[in-house]
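Chain and residue survey
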Amino acid sequence: MQKKHQKVQVLLDAIPHIKKFYGKTIVIKYGGSAQTSPELQEKFAEDIVLLKLVGMNPVIVHGGGARISELLNKLEIHSEFVDGHRVTSKETMRVVEMGLSGEINKNITSLLNHHGAKAIGISGKDSSIIKATPKDNGKFGYTGVITEVNGTIINNLIKEGFIPVIAPIADSAEPNHPGFNINADVAASKVAQALKAQKVLFLTDTVGVLDKQGNLLNSLDQNDVENYKADGTIAGGMIPKVDSCIDAIYNGVNKAHIIDGRVEHSILLELFTSDGIGTQFIRKDGNNNGIDIEKLLNEK
């Protein structure tokens, strides 16, 4: 009987959080081990279905770097990264689109539908939902910089009861263009901004942002991020993640979080518990002496 009461208490503790996020849009960047482990895939699907059942509007933006690298290696196509961004040749772009839109996107959509969701898989190319131009004047090849996200189309899918699952491939203004490979963290941030999402969560293979001693940094603001980038604490693939978090919270998204996708039900732990997990990014205003505006708004 005690275990039953404990289960009931867990549900009761979650009620304030469910009320807070009811009817709100939560954008989730799905990547890392959570995307490649069969066990974690199942837990992820259960989390997303639960969010939908309790009245939230989850939107998934997925990565697929590990699978793309695997395909490129098999095809003996060279690929390199600069500051966490893939340099995308024309040959690489074909493999990227095949892997992201043709394989990974449909697998995620099918998994969610199997668990009772009403998911629909789309690419940023569909209806030109995501538009982009070459990053750094073409220095990164067919890796792009997002210029526009059509939030209206995504919101229309949400209104119809769908869970959008978005592959980070962008359209070009040029005809017969192969499109652009977009960093999934950046894409998730831009989608969240276009939707004025309540939160954007980045699932990755670390407990959050760590200091040089390996300790978790629970909360960061823009100044913290710039200082940690300058001294090398934040480097490599973590750079686009933290930059995407900062970009989101200063452009219409209430909160951004980097959480450990290796933890079962990490999404529920972040959304439905008071302590949350991982690293949160907060927006501060110098005019109020650094007071956390989100706390003033009673936003977790």
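Report follows, based on the coordinates.

Thresholds, definitions, all that
Residues numbered from 1 in each chain as written. Predicted model: local features only at pLDDT ≥ 70, side-chain atom pairs only at ≥ 80, totals over all residues. Heavy atoms only, no water. Helix = DSSP H or I, 4+ residues; strand = E, 2+ residues; numbered from the N terminus. Rg over C-alpha atoms; globule rule 2.2 N^0.38 Å. Buried < 20%, exposed > 50% of the residue type's maximum accessible area, 1.4 Å probe, protein only. Areas by Shrake-Rupley, 256 points an atom, 1.4 Å probe, with all protein chains shown as cover. Lys, Arg positive; Asp, Glu negative; His and termini not counted. Charge placed at Lys NZ, Arg CZ, Asp CG, Glu CD. Salt bridge = Lys/Arg side-chain N within 4 Å of Asp/Glu carboxyl O. Phe/Tyr/Trp six-rings, centres within 6.5 Å; stacked < 30°, edge-to-face > 60°. Lys NZ or Arg CZ within 6 Å of the ring centre and 35° of its normal. Axes fitted to C-alpha atoms, helices over the stretch in contact; angles between N-to-C directions. Parallel < 35°, antiparallel > 145°, perpendicular 65-115°, else oblique. Left-handed = near helix turned anticlockwise from the far one by under 90°. Contact = heavy atoms within 4.5 Å. Pairing = 2+ DSSP bridges. Nonpolar A, V, L, I, M, F, W, Y, C, P; charged D, E, K, R; others polar. Core = buried A, V, L, I, M, F, W, Y, C linked by side-chain atoms within 4.5 Å.

**Thoughts on the overall build of the protein chain**
In terms of regular secondary structure, the protein chain is built from 11 helices and 14 strands. Computed over C-alpha atoms, the radius of gyration of the protein chain comes to 19 Å, within 12% of the 19 Å expected from 2.2 N^0.38 for 300 residues, which places it in the range of a compact globule. C-alpha atoms of the protein chain, sized along the principal axes, occupy 60 × 45 × 35 Å. Considering the protein chain as a whole, with its 300 residues, one finds that 50% of them fall into the buried category. By element, 50% of the accessible surface of the protein chain is carried by carbon and sulfur atoms, the whole surface being about 14200 Å². The protein chain carries 33 positive and 35 negative side-chain charges, and their two centres are separated by 5 Å.

**Comments concerning the pattern of salt bridges**
Tallied over the entire structure, the rule returns 11 salt bridges. A salt bridge links E70 to R67, with the shortest nitrogen-to-oxygen separation between them at 3.1 Å. One end of the pair is E70 and the other is R67, both in helix α4 (residues 65-74) and 3 residues apart, which spans about a single turn. With a relative accessible area of 36%, E70 lands in the partly exposed category. Judged by relative accessible area, which is 24%, R67 ranks as partly exposed. The residue E148 makes a salt bridge to K131 at a minimum N-O spacing of 3.9 Å.

**Considering the packing of aromatic side chains**
Evaluated as defined, the whole model comprises 1 aromatic pair. Look at Y30 and F44: their rings are 3.6 Å apart centre to centre, the planes differ by 5°, and that puts the pair in the stacked class. Note that Y30 is positioned in strand β1 (residues 25-30) and F44 in helix α3 (residues 38-53), a separation of 14 residues in sequence. Stacked on the ring of F162, the Lys or Arg K118 has its end atom at 4.5 Å from the ring centre. For the cation-ring pair, K135 lies above F140, with the distance from its terminal atom to the ring centre recorded as 5.3 Å.

**Description of the packing of α4 against helix α5 (residues 90-114)**
The interhelical angle for the contact between α4 and α5, taken along N-to-C directions, is 130°, at an axis separation of 10 Å. Overall, the two elements α4 and α5 adopt an arrangement that is oblique. For the element pair α4 and α5, the recorded crossing hand is right-handed. Residues R67, I68, L71 and L72 of α4 lie in contact with α5, whose contacting residues are T92, V95, V96, M98, G99, L100, E103 and I104.

**Re the pairing of β1**
Of all 6 residues that make up β1, 6 are buried, and the element is covered over most of its length. Residues T25, V27 and K29 point to one face of β1 and I26, I28 and Y30 to the other, with burial holding for every one of them. Relative to strand β2 (residues 57-62), β1 runs parallel, the two sharing 6 bridges. Bridge pairing in β2 places Y30 opposite H62.

**Notes on the packing of helix α8 (residues 222-230) against helix α9 (residues 238-249)**
Look at α8 against α9: their axes get within 10 Å of each other, and the N-to-C directions meet at 160°. The angle between α8 and α9 falls in the class roughly antiparallel. Pair α8 / α9 crosses with left-handed handedness. Contacts between α8 and α9 involve Q222, V225 and K229 from the first element and I239, V242, D243 and I246 from the second. Its residues placed into classes, the contact of α8 with α9 shows 4 nonpolar, 1 polar and 2 charged.

**Focus: unusual backbone geometry**
The phi torsion at E76 lies on the positive side, around 55°, for a residue other than glycine. Its location among the elements puts E76 in the loop between α4 and β3 (80-82). Taking relative accessible area as the criterion, E76 reaches 74% and is therefore assigned exposed. Of note in the backbone geometry, H265 takes a positive phi value of approximately 60° without being a glycine. You can see H265 is positioned in the loop between β13 (255-260) and α10 (266-272). Its relative accessible area of 25% is what places H265 among the partly exposed residues.

**Quick notes on the nonpolar core**
In this structure, V27, I154, V191, V200, V209 and F281 are the most contacted members of the largest nonpolar core, which totals 40 residues. Mapped onto this core, the elements with two or more residues apiece are β2, β6 (130-134), β7 (144-149), α6 (151-159), α7 (184-195), β11 (199-204), α9 and β13. With 7 residues, α9 is the single largest residue contributor to this core. If near-sequence neighbours (up to four positions away) are discounted, V27 is found in contact with V59, V61, A188, V191, A192, L195, A197, K199, V200 and L201.

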